[in-house]
Amino acid sequence: MAMSGGTEDGEPMGEMNTTPLIDVMLVLLIMFIITIPIQTHAVKVDLPQDSANQNQPQVDPVKNKIVIAADGTLTWNAAPVNEVTLTQYLDQTTQMSPEPELHFQPDSAARYERVDQVLAIVKRANVTKLGFIGNEQYREF
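Residues numbered from 1 in each chain as written. Predicted model: local features only at pLDDT ≥ 70, side-chain atom pairs only at ≥ 80, totals over all residues. Heavy atoms only, no water.

J.: Is there a simple way to think about the side chain of E99 in this case?
T.: Along the chain, E99 falls in the loop between α2 (83–95) and β4 (101–106). Here E99 sits buried without a salt bridge, and the closest side chain of opposite charge, K129, lies 6.8 Å off (N-O distance). (Helix = DSSP H or I, 4+ residues; strand = E, 2+ residues; numbered from the N terminus. Buried < 20%, exposed > 50% of the residue type's maximum accessible area, 1.4 Å probe, protein only. Lys, Arg positive; Asp, Glu negative; His and termini not counted. Salt bridge = Lys/Arg side-chain N within 4 Å of Asp/Glu carboxyl O.)

J.: Help me understand the sheet that holds strand β1 (residues 63–68), please; the structure alone is not making it clear to me.
T.: Consider a sheet: its strands pair through backbone hydrogen bonds, and that pairing is either parallel or antiparallel. With respect to topology, 5 strands assemble into an open sheet ordered β3-β2-β1-β4-β5, the strand pairing being mixed. Bordering the open sheet on either side are β3 (79–81) and β5 (130–132), each of which pairs with just one other strand. Shown here is a sheet whose adjacent strand axes are inclined to one another by a mean of 30°, direction ignored. Judged from the 3 bridges that link them, β1 and strand β2 (residues 74–76) form a sheet pairing that is antiparallel. Bridge pairing in β2 places I68 opposite L74. In this fold α2 packs onto β1, β2, β3 and β4, with an angle of close to 30° to the strand it touches most, β2. (Pairing = 2+ DSSP bridges. Axes fitted to C-alpha atoms, helices over the stretch in contact; angles between N-to-C directions. Contact = heavy atoms within 4.5 Å.)

J.: Would you explain the side chain of N64 in this entry?
T.: Here N64 lies in strand β1. There is a polar contact of 3.0 Å between the side chain of N64 and the side chain of N77. Among all residues touching N64, those that are not within four sequence positions of it are W76, N77, T93, P100, E101, L102 and H103. (Polar contact = N/O pair within 3.5 Å; in protein donor to acceptor, adjacent residues only side chain to side chain.)

J.: Just checking my understanding: could you explain the pairing of β4 for this structure?
T.: Every regular strand shows the same layout, with side chains that alternate between the two sheet faces. Of the pairings in the sheet, the one linking β1 to β4 comprises 6 bridges and is parallel in character. Within β4, the position partnered with I66 by the bridge is F104. With 3 bridges joining them, β4 and β5 adopt parallel strand pairing. Its bridge partner being in β5, F104 is matched across the sheet by F132. In this region the chain leaves β4, passes through helix α3 (residues 112–124) and returns to the parallel neighbour β5; the handedness of that crossover is right-handed. (Right-handed = clockwise from strand over helix to strand, strands pointing away.)

J.: Would you mind going over the pattern of salt bridges with me for this structure?
T.: Once their charged atoms are close, side chains differing in charge can pair, the charge on each being opposite to the other. One pass over the structure, following the stated rule, counts 2 salt bridges. Note that E83 and R114 form a salt bridge whose closest N and O atoms lie 2.4 Å from each other. Note that E83 is positioned in helix α2 and R114 in helix α3, a separation of 31 residues in sequence. Since its relative accessible area comes to 34%, E83 is described here as partly exposed. R111 is paired through a salt bridge with E113; the nearest N and O atoms lie 3.7 Å apart. For R111, a relative accessible area of 59% puts it in the exposed group. In this structure E113 comes out as partly exposed when scored by relative accessible area, which is 48%.

In structure tokens, the structure reads:
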């Protein structure tokens, strides 16, 4: 036969059956492979790099501010806007020389999905001077 239960005198088998261990490990490996693409979904935004070694550019006199309220409404310099108008404003600012700074301030109660949508619009507009302001409201979380 292919398997042996030990010797004829009733001694225990000296080999451990590793088949169940291998089965469990294969199931875990498949689970990890399935869940990895779900965990890596993100919107990539190029944030400014620390330029301590370089000369700091002078602060632009024009600074634009995008605010996302708790209910999801957008404001551009305290005026309500929609996504199309925001895209037009961003396109205009990227054509200026020097490009004005863009301040981004989401409310702490704003939905993450809405913040993600606005950041994707900013990313598509190729804004190079972006700053997050109001981060002190998140210290308690």
